[in-house]
Amino acid sequence: MWLREELLKSIWHAFTALDVDQRGKVSKSQLKVLSHSLCTVMNIPHDPVALEEHFKDDDKGPLSNQGYMPYLNKFILDKVQEDFDVLEFNKMCWTLCYKKNICTKNLLISDNSCFKVWCIFNFLSEDKYPLVIITEEIEYFLRKLTEAMGSGWSEEKFASYKFQLNIKKDCLNAWELIELVGMIYFSKGMSSQMLSMGINEIFQEFILDVLKQGYMMKKGHMRKNWTERWFVLQPNSLSYYMCEDLAEKKGVIVLDRNCCVESVPDKEGKKCLFIIKCTDKSFEISVSDKKKKQEWIQAIQTCIQLLRLGLPSPHREARLRRRELRQRQQTEEGNLTGKMKELQMANENKQRQLEAMRKKMEEAAAQAAIEEHRIMKTQLDLQDRYRLDLEKEKMVRQQMEEQVAQKSSELEQYLQRVRELEDMYHRLEEALEDERQAKHDEEAMRKLQDRLLEEEAEKRAELEQIHLQQQRALCQTQAEKQELVAEQLAKERDLQAAMQQLETLERERQGALQQYEKVSKKLERASNKTKTWKDKVAKHEGLVRLIQPGHKGPQRMTNWGPASFTDAELEMRKKSWQESKNQGAQAQ
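Residues numbered from 1 in each chain as written. Predicted model: local features only at pLDDT ≥ 70, side-chain atom pairs only at ≥ 80, totals over all residues. Heavy atoms only, no water.

### Here's the deal with the overall build of the protein
Threshold: Each helix is a run of DSSP H or I of at least 4 residues and each strand a run of E of at least 2, with the numbering of both proceeding from the N terminus. Think of it in three bands: with a 1.4 Å probe and only protein chains considered, a residue is buried below 20% of the maximum accessible area for its type, exposed above 50%, and partly exposed in between. Here, two residues are considered to be in contact whenever any of their heavy atoms come within 4.5 Å of each other. Using the Shrake-Rupley algorithm and a 1.4 Å probe, accessible areas are obtained, with residue cover drawn only from the displayed protein chains.
Broken down by element type, the protein carries 14 helices and 13 strands. When burial is assessed residue by residue, the protein has 26% of its 588 residues classed as buried. Restricting to contacts in the protein with at least 6 residues of sequence separation, those with at least 24 account for 60%. When the accessible area of the protein is evaluated, it comes to approximately 41,500 Å², of which 53% is carbon and sulfur surface.

Shown next, in the form of structure tokens:
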């Protein structure tokens, strides 16, 4: 819920812009337009009759801020809900007031950047009207701006500016702060784009309550796929968008006191995982490295802890602490000033008492001199008669001298006490100066320590990257070695199998040679038998050949003379012999 004081600051700017004569009063028609605009942007039902009834006793002339404030509280601010767009509200108030107070064309920043500086002014300004921002808050804002731009902070330049500012009024209004930032007095050497980016970063932190933002991978609930989203962490939610321009919002994770965030081991090829457990569902998220994972987990845990404790966002808490510290310092300075005034008044009282005592002593001395003169004058005549009186007078004089000496010693003691008090005052001033110097040295040491920690974190990240690369190289080398060993074993097994096959083939070759030799011998015997058989058949057929009419064709001649049969008969005999041979081979 937005604080009422923050909303009133923007409305005060709009009301002041409508006050053209600067008399603290605005016409009723303008207030009607302002009220209707406020109700529109804050999603509140507008009742035009309520304004007329509220100011029915004051129909003459314009209305003052004191008269408009009860209506604003009762009919608008008391009905505000959390569902309105505060940026739209601020832009409406900014539109009403900025053109009448500043010319942005003379500045080196855009109108949008001027609007953001105006919002930051409303956030850092004191809760007093007219609104101003004091020197401490100006220094805090400029330090944050230079850090956001990545430039160094010039303490001497700000000290010079602070001295000039203290001579005038020791504070700035909104338009003077915009001119200070827009003229780039403390950011020389930086481009207007860098300045706008720095203003936007502070605007997101202070006004939009953005605690952290960046790209991360989120696992889907339906398709279980991993997609990259731009995440924006706020005190009570973690929103994610398509990209960093925040144009397309994809979803939001609502944080409450029952949520928790835990680290998750690497799985599914994703590293640096953590899970956000809410009441209804859980969200698995992956980041690029362990440092970002730890930063995101710590930031989300801080938001959940703040929700459990009911505390505001960190920068709002820091603003309250700065204001409380300033109040304590002012109180201590007031107490010290009061004590110094009391000591000064006591010193003045003692001085007055001493002056009175000195006058009394002078009067007593004068009276004593007169009395002594009178006694000396009468002593010539009454020396004998008043001898005793003279002795008494001498005794009285001695007593008075003793009193004077005692008063002188008391005066010396009082002066010594005054000198001691002055020394104590000087020592107190030196102690305060030492304390301020110690605070300054402590701040410098803290910055040096932060810078050393950042360098150590960067070096540690580099070492982790080198370690991861070495591990990946070792894993790749081991994998290649294992593949080579497996390939060598497979080749050895193939070699052994080939050797076995070679031995088997050698044995089969030996067997085949033996069979070949056997078959060769059988063929040789068979050829011998066949030759013998052919000779016998030739002889037998030549002897028993029948005498038949001769063929008209040419007679076939053989090695043994004229053939006993023709070529056709020879072909038929070859065919029959070949068939009988084939049948015998099949039978075997």
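### What to know about the pairing of strand S5 (residues 212-219)
Side-chain direction in a regular strand flips from residue to residue, so the side chains alternate between the two faces of the sheet. For the record, the criterion: In this scheme, strands are said to pair when DSSP sees at least two bridges between them.
Judged from the 8 bridges that link them, S5 and strand S6 (residues 226-234) form a sheet pairing that is antiparallel. Across the sheet, the residue bridging to Met 217 is Glu 228, located in S6. Alignment of S5 against strand S11 (residues 282-286), held across 2 bridges, turns out to be antiparallel. What sits directly across from Met 217, in S11, is Ser 286.

### Examining a nonpolar patch on the surface
This is how the line gets drawn: Here the term patch refers to residues with relative accessible area over 30% and no salt bridge, with like charges joined within 9 Å and nonpolar side chains (Val, Leu, Ile, Met, Phe, Trp, Tyr) within 5 Å. Between Lys or Arg on one side and Asp or Glu on the other, a salt bridge is scored when a side-chain nitrogen of the former is within 4 Å of a carboxyl oxygen of the latter.
On the surface, Leu 336, Met 424, Leu 428 and Leu 432 cluster together into a nonpolar patch covering about 320 Å² of accessible area. Among the elements that line the nonpolar patch, the one with the most residues is helix H13 (residues 387-544), at 3 residues. Following the sequence through the fold, Met 424 ends up in helix H13. Among the residues examined, Met 424 registers a relative accessible area of 40% and is labelled partly exposed.

### Here's the deal with the nonpolar core
Here is the rule: Think of a nonpolar core as a cluster: buried Ala, Val, Leu, Ile, Met, Phe, Trp, Tyr and Cys residues, connected wherever their side-chain atoms sit within 4.5 Å.
Ranked by internal contacts, the top residues of the largest apolar core, which has 68 residues, are Leu 38, Met 42, Tyr 68, Phe 89 and Trp 118. At 9 residues, helix H6 (residues 111-124) tops the list of elements feeding residues into this core. In this structure, Phe 89 is in contact with Leu 7, Ser 10, Ile 11, Leu 38, Val 41, Met 42 and Phe 84, ignoring residues within four places of it in sequence. Core analysis: the next-biggest nonpolar cluster, separate from the first, contains 22 residues, Cys 259, Val 261, Trp 296 and Ile 304 among them.

### Considerations on the sheet that holds strand S10 (residues 273-277)
Pairing between the strands of a sheet comes from backbone hydrogen bonds, and it takes one of two forms, parallel or antiparallel. Where we set the bar: Axis definition: a line fitted to C-alpha atoms, limited for helices to the stretch in contact. Angles are taken between N-to-C directions and run from 0 to 180 degrees.
Read from one edge of the open sheet, 7 strands run S8-S7-S6-S5-S11-S10-S9, paired in antiparallel fashion. In this open sheet, the two strands that pair with only one neighbour each are strand S8 (249-254) and strand S9 (260-264). Neighbouring strand axes in the sheet, compared pairwise and without regard to direction, differ in orientation by 35° on average.

### Observations regarding the pairing of S6
Connecting the antiparallel pair S5 and S6 is a turn made up of 6 residues, with Lys 224 showing a positive phi of about 60°. As defined by bridge partners, S6 adjoins strand S7 (residues 237-241) across 5 bridges and the pair is classed as antiparallel. Residue pairing in the sheet places Leu 233 in a bridge with Leu 238 of S7. The turn linking S6 back onto S7 is made up of 2 residues.

### Topic: unusual backbone geometry
Note the cis peptide between Tyr 129 and Pro 130, where omega equals 0°. Even without a glycine there, the phi angle at Asn 43 is positive, about 55°. Relative to the helices and strands, Asn 43 is located in the loop between helix H2 (28-41) and helix H3 (48-54). A positive phi is found at Leu 246, a non-glycine position, where the angle reads about 60°. Relative to the helices and strands, Leu 246 is located in the loop between S7 and S8. For Leu 246, a relative accessible area of 34% gives the class partly exposed.

### Some thoughts on H2
Threshold: One fewer than the residue count of a helix, multiplied by 1.5 Å, yields its expected span.
Between the first and last C-alpha of H2 there are 20 Å, a value that for 14 residues agrees with the 20 Å anticipated at 1.5 Å per step. Those residues of H2 not exposed but buried are Lys 28, Leu 31, Leu 34, Ser 35, Leu 38, Cys 39 and Val 41. Two residues or fewer after H2 comes Asn 43, characterised by a positive phi angle close to 55°.

### Here we look at a positive patch on the surface
Which entries qualify depends on this criterion: Counted as positive: Lys and Arg. Counted as negative: Asp and Glu. His and the chain ends are not counted at all. To locate a charge, the coordinates of NZ of Lys, CZ of Arg, CG of Asp or CD of Glu are taken.
Together, Lys 518, Lys 521, Lys 522, Arg 525 and Lys 529 make up a positively charged patch on the protein surface. For Lys 521, the location among the structural elements is in helix H13.

### Some words on helix H10 (residues 192-206)
With 15 residues, H10 extends 21 Å from end C-alpha to end C-alpha; this agrees with the ideal 21 Å at 1.5 Å per step. Among the residues of H10, those classed as buried are Leu 195, Gly 198, Ile 199, Ile 202, Phe 203, Gln 204 and Phe 206. In the core, the buried residues of H10 are packed alongside helix H5 (86-97), H6, helix H7 (135-149), helix H9 (174-182), S5 and helix H12 (314-382).

### Points about the packing of H7 against H10
Helix packing for two helices is described by the angle between their axes and how far apart those axes are. For clarity, the cut-off: The labels follow the angle: roughly parallel below 35 degrees, roughly antiparallel above 145, roughly perpendicular from 65 to 115, and oblique for the rest. Less than a right angle of anticlockwise turn of the near helix away from the far helix marks a crossing as left-handed, whereas a clockwise turn marks it as right-handed. Asp, Glu, Lys and Arg are counted as charged, while Ala, Val, Leu, Ile, Met, Phe, Trp, Tyr, Cys and Pro are counted as nonpolar; the rest, among them Gly, fall into the polar class.
The geometry of H7 relative to H10 is characterised by a closest axis approach of 8 Å and an angle of 120° between their N-to-C directions. The angle between the axes of H7 and H10 places the two elements in the oblique class. H7 and H10 meet at a crossing whose hand is right-handed. Contacts between H7 and H10 pair Tyr 140, Phe 141, Lys 144, Leu 145, Ala 148 and Met 149 from the former with Met 194, Leu 195, Gly 198, Ile 199, Glu 201, Ile 202, Glu 205 and Phe 206 from the latter. Tallied by class, residues from the contact of H7 with H10 come to 10 nonpolar, 1 polar and 3 charged.

Remember, this is a structural readout, not a statement about activity or role.
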